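Each chain, written out:
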Amino acid sequence: MRREKYEATKAALQFEDALEALDGAVRSRDFARAKLDRLGAQMADLIETFDGAPNARALSTLKSLRHKFRFAEKALERTQADCARARRAYGELHEVYVEAMDRLHHQLIARQDEMDVAHRISAASERAFTTMVAEVLNRTDRPDEKDLFKRPDDSYDYIPFAVSKYLETLIRLDALLSNDPDFDDANLRHRPVSYLEVGCGHGRNILLTRAARLIHVGDYRGFDINPDLVELGRKAFGLNGTIEVADALDYDYAPHDVIFSYRPIRTAALQARLEARMADTMPAGSYLIAPLAEDLTIYPEFSRVCTALDIWKKTG
Ligand SMILES: C[S@@+](CC[C@H](N)C(=O)[O-])C[C@H]1O[C@@H](n2cnc3c(N)ncnc32)[C@H](O)[C@@H]1O
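Residues numbered from 1 in each chain as written. Predicted model: local features only at pLDDT ≥ 70, side-chain atom pairs only at ≥ 80, totals over all residues. Heavy atoms only, no water.

The name given to the chain in an unreviewed UniProt entry is Class I SAM-dependent methyltransferase, with the source organism recorded as Pukyongiella litopenaei.

Engineer: So what exactly am I meant to see when it comes to the pattern of salt bridges here?
Structural biologist: Evaluation of the coordinates by the stated rule reveals 13 salt bridges. Residues Asp219 and Arg221 are paired through a salt bridge, measuring 3.5 Å at the closest nitrogen-oxygen approach. Given a relative accessible area of 28%, Asp219 falls into the partly exposed group. Since its relative accessible area comes to 30%, Arg221 is described here as partly exposed. Taken together, the shared-partner salt bridges in this structure form one network comprising Asp144, Lys146 and Asp147. (Salt bridge = Lys/Arg side-chain N within 4 Å of Asp/Glu carboxyl O. Buried < 20%, exposed > 50% of the residue type's maximum accessible area, 1.4 Å probe, protein only.)

Engineer: Just to check I follow, could you spell out the sheet that holds strand S6 (residues 302-306) for this structure?
Structural biologist: By way of backbone hydrogen bonds, the strands of a sheet pair with one another, either parallel or antiparallel. One open sheet holds the seven strands; their spatial order is S3-S2-S1-S4-S5-S7-S6, and the pairing between them is mixed. Two strands bound the open sheet, and with one partner strand each, they are strand S3 (243-245) and S6. Between one strand axis and the next, the sheet turns by 25 degrees as a mean value, whatever way the strands run. Across three bridges, strand S5 (residues 287-289) lies against strand S7 (residues 311-314) in antiparallel orientation. Paired with Tyr287 across the strands is Lys313, a residue of S7. Contacting strand S1 (193-198), strand S4 (258-261), S5, S6 and S7, helix H3 (residues 163-178) crosses the sheet at an angle of about 165 degrees to S5. Packing of helix H5 (residues 227-237) onto the sheet brings it into contact with strand S2 (217-224) and S3, and relative to S3 it is tilted by some 155 degrees. (Pairing = 2+ DSSP bridges. Helix = DSSP H or I, 4+ residues; strand = E, 2+ residues; numbered from the N terminus. Axes fitted to C-alpha atoms, helices over the stretch in contact; angles between N-to-C directions. Contact = heavy atoms within 4.5 Å.)

Engineer: How should the site of the ligand be read in this particular structure?
Structural biologist: Residues in contact with the ligand amount to 23 residues; listed here are only the nearest, Ser155, Phe161, Glu197, Gly199 and Asp224. Asp224 places a polar side-chain atom, nitrogen or oxygen, 2.7 Å from an oxygen atom of the ligand. Between a nitrogen atom of the ligand and a main-chain N or O atom of Ala248, the distance comes to 2.9 Å. Relative to its unbound accessible area of 600 Å², the ligand is 98% covered by the protein chains. Mapped onto the shell around the ligand, the elements with two or more residues apiece are S1 and S2. Its residues placed into classes, the shell around the ligand shows 14 nonpolar, four polar and five charged. (Near = heavy atom within 4 Å. Polar contact = N/O pair within 3.5 Å; in protein donor to acceptor, adjacent residues only side chain to side chain. Areas by Shrake-Rupley, 256 points an atom, 1.4 Å probe, with all protein chains shown as cover. Nonpolar A, V, L, I, M, F, W, Y, C, P; charged D, E, K, R; others polar.)

Engineer: Explain the UniProt feature "coiled-coil region" (unreviewed entry) in the chain to me, please; I cannot follow it from the model alone.
Structural biologist: The positions UniProt marks with the feature "coiled-coil region" (unreviewed entry) are residues 29-89. As annotated, residues 29-89 comprises 90% helix and 0% strand, and the C-alpha atoms at either end are separated by 17 Å. (UniProt positions renumbered as here; feature names shortened; annotations may be inferred.)

Engineer: How should I be thinking about the domain arrangement of the chain in this particular structure?
Structural biologist: Accessible area lost upon the coming together of the parts is a frequently used measure of interface size. Its domain assignment divides the chain into domain 1 (2-119) and domain 2 (145-314). The C-alpha-based centres of domain 1 and domain 2 are spaced at 69 Å. (Domains from an automatic or database assignment.)

Now the structure itself:
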């Protein structure tokens, strides 16, 4: 694709030069033709003034005009030949340009097809995973609606993060960890991390992280304020001992290398309090993935390490 782009650009520039050259040649030819016409008209006017035998002065002027006319005829022939050459070059380069654009166009269509397929694969994977998770959850015993935990007003309900976006985040995180001396490992791309999900609900993302194997994890942890979701995840996904009930606002983040926190709290003030708590207790060198954070830019110890996604590193 890069080669096709280069060839098309080169052909476009050469074609533009050829067009300019042809334009110049046509103008020179028209100029030469106009000059010839002018000289021809001058000679005709002069001959018309002859009344009987022309005098010596008139004959000398006519001779000089004829000389100039022959010279102008040669100049016209030359400019006509230049024009023909420029037109041929223009035609050839036009063909090269059309072919190069055609090849680029085919490449673009092929790339578009690949992207369409990639988008469909991503949407289908999202659907398949979400449906399979829902089927497992639906087969699991749950408390009656009336006995369900009442979500605090300031907390978000369980709203799952998009699967493809989550996987993309893990891919970016793997690249960051692999290049980070704090996570150096003699045998692996990076040393295994301790992973924590804040507001993990039933723990679906923990299953996903484990199954996708995009990063090396030594220890998976998750917690949620909603005990029904934690209980459901323990029963449905066997996450006993991995997920627990806790409140993000007073949690100690110190033991974890990677923390995923998809905006658990609705109110700006409480979410900001959660972010202050993380900035305070997360260990230096750890990573925070925080989509829809309130404002992490206010903490000098956090640096955004992935501009495309919400990945931060605590440097201080
Ligand atoms: C937006 S959902 C995120 C779900 C999941 N983390 C994901 O990204 O797919 C927010 C979750 O945070 C939980 N939550 C809300 N407030 C919380 C708090 N103070 N402490 C812990 N969890 C909380 C909610 O119960 C809910 O499951």
